[in-house]
Each structure stands twice: as C-alpha cells, then as structure tokens.
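# Remarks on the overall topology
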Protein chains: 2
Amino acid sequence: MTNIFAIILAGGSGVRFWPLSRETSPKQMLQIVGEDTLLRQTIKRITGFVPPEKIWIVTTEDKAQSIRFHIEKLGALAKGIQFINEPVGRNTAPAVGLAAIHLHHLSPESIMVVLPSDHAIPETEKFLKDLKFAIRGAKEDFLVTFGIKPTRPETGYGYIKVAKSSKAKPEGTFKVDRFFEKPDLKTARRYFSDGGYFWNSGIFVFKTSKILSELQTHLPSLYKTLKEIESLLFVPDKPDQPDKLNKPITQLPNNSITKRSALCAMHYAKLEPISIDYGIMEQSHHILMVPAKFKWSDLGSWAALDEIIEKDKTGNILKGNTIDIGSQNSTIFAGERLIATIGLKNMVVVDTPDATLVSPKEKVQEVRKVVETLRQNDREEHLIHKTVERPWGSYTVLEKGERYKIKRVSLKPKARLSLQLHRRRSEHWVVVSGEARVTRENDTYFVHTNESTFIPVNTRHRLENPEDVPLQIIEVQNGEYVEEDDIERFSDDYGR
Amino acid sequence: MTNIFAIILAGGSGVRFWPLSRETSPKQMLQIVGEDTLLRQTIKRITGFVPPEKIWIVTTEDKAQSIRFHIEKLGALAKGIQFINEPVGRNTAPAVGLAAIHLHHLSPESIMVVLPSDHAIPETEKFLKDLKFAIRGAKEDFLVTFGIKPTRPETGYGYIKVAKSSKAKPEGTFKVDRFFEKPDLKTARRYFSDGGYFWNSGIFVFKTSKILSELQTHLPSLYKTLKEIESLLFVPDKPDQPDKLNKPITQLPNNSITKRSALCAMHYAKLEPISIDYGIMEQSHHILMVPAKFKWSDLGSWAALDEIIEKDKTGNILKGNTIDIGSQNSTIFAGERLIATIGLKNMVVVDTPDATLVSPKEKVQEVRKVVETLRQNDREEHLIHKTVERPWGSYTVLEKGERYKIKRVSLKPKARLSLQLHRRRSEHWVVVSGEARVTRENDTYFVHTNESTFIPVNTRHRLENPEDVPLQIIEVQNGEYVEEDDIERFSDDYGR
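The rules behind each value
- Residues numbered from 1 in each chain as written.
- Chains lettered and ligands numbered in written order.
- Predicted model: local features only at pLDDT ≥ 70, side-chain atom pairs only at ≥ 80, totals over all residues.
- Heavy atoms only, no water.
- Contact = heavy atoms within 4.5 Å.
- Buried area = accessible area lost by both parts, 1.4 Å probe.
- Salt bridge = Lys/Arg side-chain N within 4 Å of Asp/Glu carboxyl O.
- Polar contact = N/O pair within 3.5 Å; in protein donor to acceptor, adjacent residues only side chain to side chain.
- Helix = DSSP H or I, 4+ residues; strand = E, 2+ residues; numbered from the N terminus.
- Pairing = 2+ DSSP bridges.
- Buried < 20%, exposed > 50% of the residue type's maximum accessible area, 1.4 Å probe, protein only.
- Axes fitted to C-alpha atoms, helices over the stretch in contact; angles between N-to-C directions.
- Parallel < 35°, antiparallel > 145°, perpendicular 65-115°, else oblique.
- Left-handed = near helix turned anticlockwise from the far one by under 90°.
- Phe/Tyr/Trp six-rings, centres within 6.5 Å; stacked < 30°, edge-to-face > 60°.
- Least-squares fit on C-alpha atoms with pLDDT ≥ 70 in both.

Glancing now at the interface of chain A and chain B. Each partner contributes residues to the interface: chain A has 53 residues there, and chain B has 53 residues. Both faces considered, chain A and chain B share a buried interface measuring about 4,100 Å² in area, 62% of it formed by carbon and sulfur atoms. Counting across the interface, chain A meets chain B through four salt bridges. Its salt-bridge partner being Glu-399 of chain B, residue Arg-408 of chain A comes within 2.5 Å of it at the nearest N-O pair. Inspection of the chain A/chain B interface yields 30 residue pairs in polar contact (both at pLDDT 80 or more). Here the element with the most residues in the side of chain A that touches chain B is strand E15 (residues 355-360) of chain A; it accounts for six residues. Looking at chain direction, strand E13 (residues 338-342) of chain A and strand E15 (residues 355-360) of chain B are connected through four bridges and run parallel. Its bridge partner lying in E15 of chain B, Thr-341 of chain A is registered against Val-358 of chain B.

This is the structure we're talking about:
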C-alpha cells in the first residue's frame, strides 16, 4: 500500500483579509466561509483519505503554538497531527522541500498531497474523488496539479494550458502544455474564451522522491541547502536527532538549542523565498493536471467571497449586525457593532472591534497598503485583535487608559492560567460569572460571582476555574506600565 | 432703544447626522465644524449683539435639561439665558409663536431674531453686519429673511426669488417676489443660472407684534391656540403666573402641575406641525430679504460638510483615526477606532463607538431610513451614545454582558452624583485616577487610586470627587437587571 501524507501549508499571514485577519489570527484560522475555520476544514476534508498521523502541518515557528491550540478543537484527531516548523516563512517551495526531506528520511517513495490551509472547497466528496485520480498520476512519477475550469476572465490567478490532445493516462488526468502567470484582462479574456485553460488551484500531489529530484533540477541552490539541513537533522546516534517526526527542527526549548538546530535555522533563513508554482510547476516537464469537479476558491481577497458564498437577491453578502438600505453586490462583514449601509454598489465593508475597512471590491487587494502603513507606524491593528485566544480561554481588552487597562478574562472549565507575577501593575478582579480559585502567594481561596479580590504588585498569583462551567472575570489593571510583557511565569500548564 | 431678543430654535433631533447625532445628542449639541458645538457657537455669535438675558432658547421639554447642562460650558454667559420649553416638538411656526406670546406679554414692540441652533456661520462679523440691515427692515414692520447666493443648483434648499427692481428701503434689503419649495434638479439649474434666486437660510427677523398679526392672518388656528395658551399663562394675581420668563410653561415639578399648565401642554400638543417658512414666509406679502455676505451652511446632511469644511487636495475631509489609500471627494469622520478606506469616491463614512455609517454622498439623506429601522426594532443606537454626558461628568458603557455591565465613570472636580440606591444590582468601584469620597449608608470614607470598594444591593450610596482634579472609576455592576432606570434618588445637586 502506498504511503500517502497530507502536507498542509499553514504559514500564510493572510494580510488580504485584514482587518479580520491579523498576524496572530491569519486567514487559515478564520471562519470566513463554512461551519469552521479554513484550516480546520482543510484537516477535516483530508481525514477521509489520510489518517491523522499522516497529516503534517508546515508553518512558521511564530505561528506554531497558536495553530496547535487552534486545532485542539478537533479533539482526538488533533493529537495525531504532526508539525514541521519553518524558522521563518520562505514561501511554498522551501516549505514543501522541508517537508520532503523529513518524509524522504521516513518513506522515500511516499506520496505528498500538498494542500493550502486557507482555500475554500465546499464539496469534500467531489474533492476526494478527484484526488484519487491525482494519486494515480503521482504514482506514475508525475507532478499532479488540479485545474479549475474558469467561470470568468479572472486576472488574479495563474493559468494552466492543457495540451491539444490533452487526455492522458492514467484516467482522469490531462497532459499540461504549460503554466502561465497571472494575465492582464485582455489575455485573461482570451484564455477564458479559448476553453483550454484552467486556473491553477495550488493543490499538488507528487512522490517525495520525485519532488526532490525536480527541486534538484530546477532549484539546485534550494536543494543544496535542504540537503545540508537534512544532514544536520538526521545524524545517527546523536542526542538531538529527531526521534519523533513532530519534534520541530527549531522549536527546542531555549536552553537546549544545539549548534546543529541553530545551523538549520540559519540555513533556512538564508533561502530565497520562491513559490512552488513558479519554481517547479512552471519549469517541470513532468506535469499532469486533474480538471477539478469540485467548487473551489483560494479566497484571495474579500472580493473572492463572491465565488463561494451565496448572495441574496440583490447580490449582497450581509453578515453580523447590519442594517442596509438598498445596496447591491456588496459584502458587509459586521460583528457585534452596527454597520449601517446605504446604496452601496460593489463595495466591501469589514468591521472588527478596533478597525473597519471600506473599499470598492475592485480595489480591495490594496488592503496590503493599509497593513504596510500600520506596520510602518508601529501600530497594533495588524498584529492582534482586541480578543486574544489563549489555551486556557481568551481575554478581551475593553479599554486601555492612562495607568490602567480593563480586560474581560474568560476561562474554560477546569482551566488555569500560569502561576505568575507582575512587577509594575496590580490587578483588581471582579467575578461576573462562575467561581474562581485564586492563589495569592501562600494563600488559596475562592471568589464567587459578584465578589472581588486584589492582586498587589510583585505578588505571585494564579487564576483558576475549578468548575465545570466557564468563569468570567473583569480585571482592572493599575500601574505605570500595563503591557502584556510585564509577566514572570513560574509554572504553566501549557509549557510557556 | 429697541428691545431686541434672540430666539434660538433648539428643538431639532438631527436624525440626518446619525450616527454622530442621537436623540439625546442632537445635531445642535455636536461639534461638527468649528471650535465648539453648533448651539454654543450660535449663542456666542449673537452675544455681540444681544445681551445674555435677551437670548431665549426654545426647545422641547425632553431636551431642555441636557441643553441647560450643555450650555453651562459658556460660564457666566449661560446663566443669563432663558428657556422656553415646548411640551412636544411641533416644528418652527408653533415654536416661534410660543416665544412671541411670551415676548408680547413682556415687550410687544420688541424685535425677534429667530436663529436655528444647528447652522454653520463661520464669519461672525459679516453676519452681525448683515443682521443690522435686517433689524432696520423689521423696524419698518417687515418680516426679514436672509438669502444665500447659490453656489450650485442645490435641490435640498428652498429658494427666494427677489423682485425685478429688487433693491428696497431700508438700505441693504431686497424686495421679495416669492418663496419656492425645494426644486427638482432641472428647476434648480434654472434658478441657479437665472441669478435672481437665493437660498432660504431659515434665519428671520421681525417685530413680535408683526409676526403675531401674520400668524393671525395666515395660520388662524395656530394663532387661536396660542391666544388660549397666553390667557392660561398670563392671568394676573394667580399663584402660578410666571413671575420670571425663564419659568418654562411645562417644567413645573410633577407635584405642582396645575390645571392651567396641563391645559397649556394639552393645547400645544394638539397643534399641527408646520414650519414658519411654509406657514408664514411663503404666504406673507410683507417680506424683505437681506442678501447674506456671510458664509453659511444649514448642515442638512453629512454631504453638506463639503460647503463649509476645507478639503484636502483630493477633495477629502478626514477626521480622527483614519488611514486612506487614494480616496477622492470623500468624508471620513472617525473617532478613536481605525477607519481604513481604499479608493472611495464621493462617499461618506462616519464611525462612532457602537455604530458606523457608509453611504455615497448622494444617498446619505436616506440615513433617516436607518434611524427609522432602529426605532422600529426597539434598539438603542439612535437614542444614546456609549458615552453619556451628565452634569457631574460623564459615563461610558464599556461592555454589557449577561448579569453585568462595566462603566467608566468620570467626575468633574468637586462634583458628586446623587445619593442613590439600586434595588437589583450591586456595584464594584475601582478608582483608576483621582480620589473618591464614598458615602455608603451611614459611613463616609475615601477610596484612593488603585483601591476599590463595594456597594451592595439596596444600599444608599453616593460617589463624590472632593479634589480639584478629575476622578475616574471603573464600575462593575452585577445583578439580574443592570439598566439605568434601576435608581432611586434621595438627594441630587442637579434637581433630578
């Protein structure tokens, strides 16, 4: 039986879905379409085909922990999933290469199903059926991609031209003439009317050995670096040899980073960022395409929701707290705050607690410039949301003022924060629902709903939810400095 | 010397500036243009001409108290200003009539300068100069209006056509041919190119005796009701005869409402709403117009800001926390939250803590429909802001959840809230700046910055700022019911 692995690429930052996406909540972690987040949908979709322990998530080191917590909602399924952490993001060719050298070590003739973690594919059955065709092609030593039949002259995707006598063997695959970069509108119209062009879906299937040999041919410099990393990682009989595949190459605790793992990280960081589409698929002569029968969107921008979400009679997509007077073909993503719109045409409005975006659909890709401006001005609206998810629950910053900050803190049943201390702030806690167990230096006591307690500055403390229902407290922080980094942790259930 | 009174009409609800305007913060109380709110600018503008005790504000009973507190910022000036409260709003003709019967009683030959409280007139000197011409016309027993030279074929204003040989006596006034209702675009273009048409500014000057006789002629039913009210109000030698003009006809304490004042309110409520423009100015044959040399806008909608606020090179008006990428001719009114806009053209975006409006300028008058929807759905976003001004300071609702509400409460120096009690909630107070004096039943004690206290349910309490600097507390309310109307007041500095 062939060894099939799903490689889910989850390193993207998803700037294009700002303000809903943030650096700490990238697009793959958002529930934009469907009943779950894009990443969790991607995992669930492939589990019909690949067992959890053969699902590997490739992501960057800075996102790995939050993605681990994020997939915990999948329960037992999540426990099997392995992680490969990139020290930094270097686009998809290095990410796929890094997965390939790990797999090569384990099973050189295995097949890799490379899946972006942030695409929408609502029809799982059709997808899995097409995937079977692709697997057959991969077994014959082809790089197999999925082509999407264009529904309009889109300029935002790359195109795949199939060969004149395109039907190939094995059954269900087409011979590929060549790949084309994103075209201008005139060219896109020609592709669209021609009928022999498909959108490049970014989903690939190939043998581990085959992709490595193609990397060697078309991206020799990347290949060389990958081999160096491989030789550092897989040394027999050395103490930091990865005994388990889910031991990420760079996520060793600070005090045990060895020379070799540091070298790996250094090599990887020096790589040129390049996509697998551009670096391999556009160059290789061993490509087959499966024409997708499933519905697909790469959700490349707010405007792309049109392809995948059902619109109302006037072409609008309205979500959350909205009042609309006569808009058309517009997408309004609201949350709890009211968004009132009048007579919009082809517009996108996205609201979050601390930032709102308003743009015509045709310009919404320029949201990158907004994020760039935020970054340059050292602001926070591109980094975090007002509500921050944590393994024990979440907190929401309700207000930050001079010398104070107010948070609503929600703890899952039986969860607890780390035993911690703040050097520059004290905290007042008012329990508004549930019951808290509080540790304050050597005391441990209970605080019930409508009771409060005080944690002075420089005092070891821990907040804990001993009950089976959620605990909510309002925390009023006082001090000259009320930022998150004023924290010393002494003991933490989540290894932080 | 002629007795000149300024009658400031401040009963408007300002729906057209939603979401910045709310029922409790109507347009006249907003600082939209200039360095102060529109009402306070109106008062300051006229004080060069009329002493404070001859400035009367006509407003509706429900707004009177908040408008009194609102003008307190004007200091000594505010103390002289008199109020006439309408039991309910019935448009401008009844409002002017009500002022006229009060004035008639005091000084029948006085001159009334009728001023809307929510217009923008940035050039006070030019305005006062033109006003002198108008006063001369009023002395000659004319109804005098100000005409604004049109700058475009506007369909949102009424027009005044001046007579062919338009120059009249006294100097500076024009004879009026007739008034026209708001025209359609074609007609507006004709008026605009003709040159003999002016916009109706809604600012009027006339003798008290003259407006009463014109009311008698053109609105006999309104006149009759006003005379009935007059006969009820001004009965000699009866205990509730108004001894002072600022004793509003309907603002007597509940327990001393007499039959007569109740009758007044009842009569007034039965009046047909009608504007003075439509009811009198369009009917009368004794009209003169002063062509205004001052800059003016009635700020009839968000789009009207274009007339009065200076735009940047690309025609945008950007206020507050905004990032814009290439918009043109758009007005973005942000507050503390970030509003990011891309490539907007002729759009209006207005943000407040709990609601955002997005509309093309040409449709923004339909904001009325949004407010209507809010009203029908029994919501709050058209009634109050998250921050509510109070005579002692202000409070902001930071969050409302199940069985709790969190407020930031700010007290002015030396101010205090009423001695009060809540039947269904307790309160935790954390002082985040300043120092509080707290009364809790028979105890009085101080709570310093970074200290907290607890007010149990059913406990008489009072919060007080004994210091010369502002006091800020965070209040966490707990209880089955956390609405504002759960309050019993025992003693209040502000007569509530």
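There is more to say, and it comes next.
Residue and element names in this part refer to chain B. Of note, Leu-219 is situated in the loop between helix H7 (208-218) and helix H8 (220-233). Looking at Leu-219, the relative accessible area reads 12%, which means it is buried. Sequence separation of Leu-219 and Pro-94 is 125 residues, and the distance between their C-alpha atoms is 9.9 Å. What Leu-219 contacts, discounting residues up to four positions off in sequence, is Ala-93, Glu-214, Ile-274, Gly-279 and Ile-280.

As a further point, take the side chain of Asn-200 of chain B. Residue and element names in this part refer to chain B. With respect to the helices and strands, Asn-200 occurs in strand E8 (residues 197-207). A distance of 3.1 Å separates a polar atom in the side chain of Asn-200 from the backbone nitrogen of Gly-202. Not counting chain neighbours up to four residues away, the residues in contact with Asn-200 comprise Thr-145, Phe-146, Gly-158, Tyr-159, Ile-160, Phe-179, Asp-277 and Trp-296.

This part covers unusual backbone geometry. Each neighbour pair has its own omega, and for Trp-18 of chain A with Pro-19 of chain A the value is 10°, a cis peptide bond. Along the polypeptide, Pro-19 of chain A turns up in the loop between strand E1 (4-9) and helix H1 (38-46). One non-glycine residue with positive phi stands out, namely Asn-329 of chain A, at about 50°. For Asn-329 of chain A, a relative accessible area of 34% puts it in the partly exposed group. Although it is not a glycine, Glu-441 of chain B adopts a positive phi angle of roughly 50°. One can find Glu-441 of chain B in the loop between strand E21 (436-440) and strand E22 (443-447).

To continue, consider the packing of helix H4 (residues 92-106) of chain B against H7 of chain B. Residue and element names in this part refer to chain B. Taken N-terminus to C-terminus, the directions of H4 and H7 make an angle of 130°; their axes are 9 Å apart at the nearest point. Comparing the axis directions of H4 and H7 gives the class oblique. Both H4 and H7 take part in a crossing whose hand is left-handed. Residue-level inspection shows Val-96, Gly-97, Ala-100, Ile-101, Leu-103 and His-104 of H4 in contact with H7, the latter providing Thr-208, Ile-211, Leu-212 and Leu-215.

Quick look at the sheet that holds E13 of chain A now. Read from one edge to the other, the open sheet built from six strands follows the order E11(A)-E13(A)-E15(B)-E14(B)-E12(B)-E10(B), with strand pairing classed as mixed. Where the open sheet ends on each side, the last strands, each with one partner, are strand E11 (322-325) of chain A together with strand E10 (317-319) of chain B. Between one strand and the next, the sheet's axes are offset by a mean angle of 5°, whatever the strand orientation. Strand contacts of helix H11 (residues 367-376) of chain B: E11 and E13 of chain A together with E15 of chain B, with the helix running at about 135° to E11 of chain A, the strand carrying the most contacts.

Counted under the stated rule, the structure contains 28 aromatic pairs over all chains. Seen from their ring centres, Phe-180 of chain B and Tyr-191 of chain B are 5.4 Å apart, and the 45° between their planes marks the pair as tilted. Of this pair, Phe-180 of chain B sits in strand E7 (residues 173-180) while Tyr-191 of chain B sits in helix H6 (residues 185-194); the two residues are eleven residues apart in sequence, bridging distant segments of the chain. One aromatic cluster is present, formed by Tyr-159, Phe-180, Tyr-191 and Tyr-197 of chain A through successive ring pairs.

Take chain A, turn it by 180°, move it 0.1 Å along the axis, and it overlays chain B with an RMSD of 0.1 Å. In the structure described here, the two chain copies are related by an operation that fits a two-fold rotation axis. By C-alpha distance to the rotation axis, the residue of chain A lying nearest is Leu-398 of chain A, at 3.2 Å. A symmetric contact is evident, with 100% of the interface residues of chain A recurring at the interface of chain B.

The next subject is the pattern of salt bridges. Residue and element names in this part refer to chain A. Summed over all chains, the structure comprises 68 salt bridges over all chains. Between Lys-361 and Asp-306 there is a salt bridge whose closest N-O contact spans 2.7 Å. With a gap of 55 residues between them, Lys-361 in the loop between E15 and helix H11 (367-376) and Asp-306 in the loop between strand E9 (287-291) and strand E10 (317-319) connect regions that are remote in the sequence. Classification of Asp-306 as partly exposed rests on a relative accessible area of 23%. The residue Arg-462 makes a salt bridge to Asp-493 at a minimum N-O spacing of 3.7 Å. Here the residue Arg-462 occupies a position in strand E24 (residues 461-464), and Asp-493 occupies one in the segment after strand E26 (488-491), the gap between them amounting to 31 residues. Residue classification places Arg-462 among the buried residues on the basis of a relative accessible area of 7%.

A separate point is the pairing of strand E6 (residues 159-167) of chain A. Looking along a regular strand, one sees side chains alternate from face to face of the sheet. Residue and element names in this part refer to chain A. Bridge count for E6 against strand E7 (residues 174-180) is five bridges, and the pairing is antiparallel. Across the sheet, the residue bridging to Lys-167 is Phe-174, located in E7. The antiparallel hairpin formed by E6 and E7 contains six residues in its connecting segment, where Gly-172 sits at a positive phi of about 90°. Here three bridges tie E6 to strand E8 (residues 197-207), and the two strands are oriented antiparallel to one another. In the sheet register, Lys-161 faces E8, and the bridge partner there is Tyr-197.

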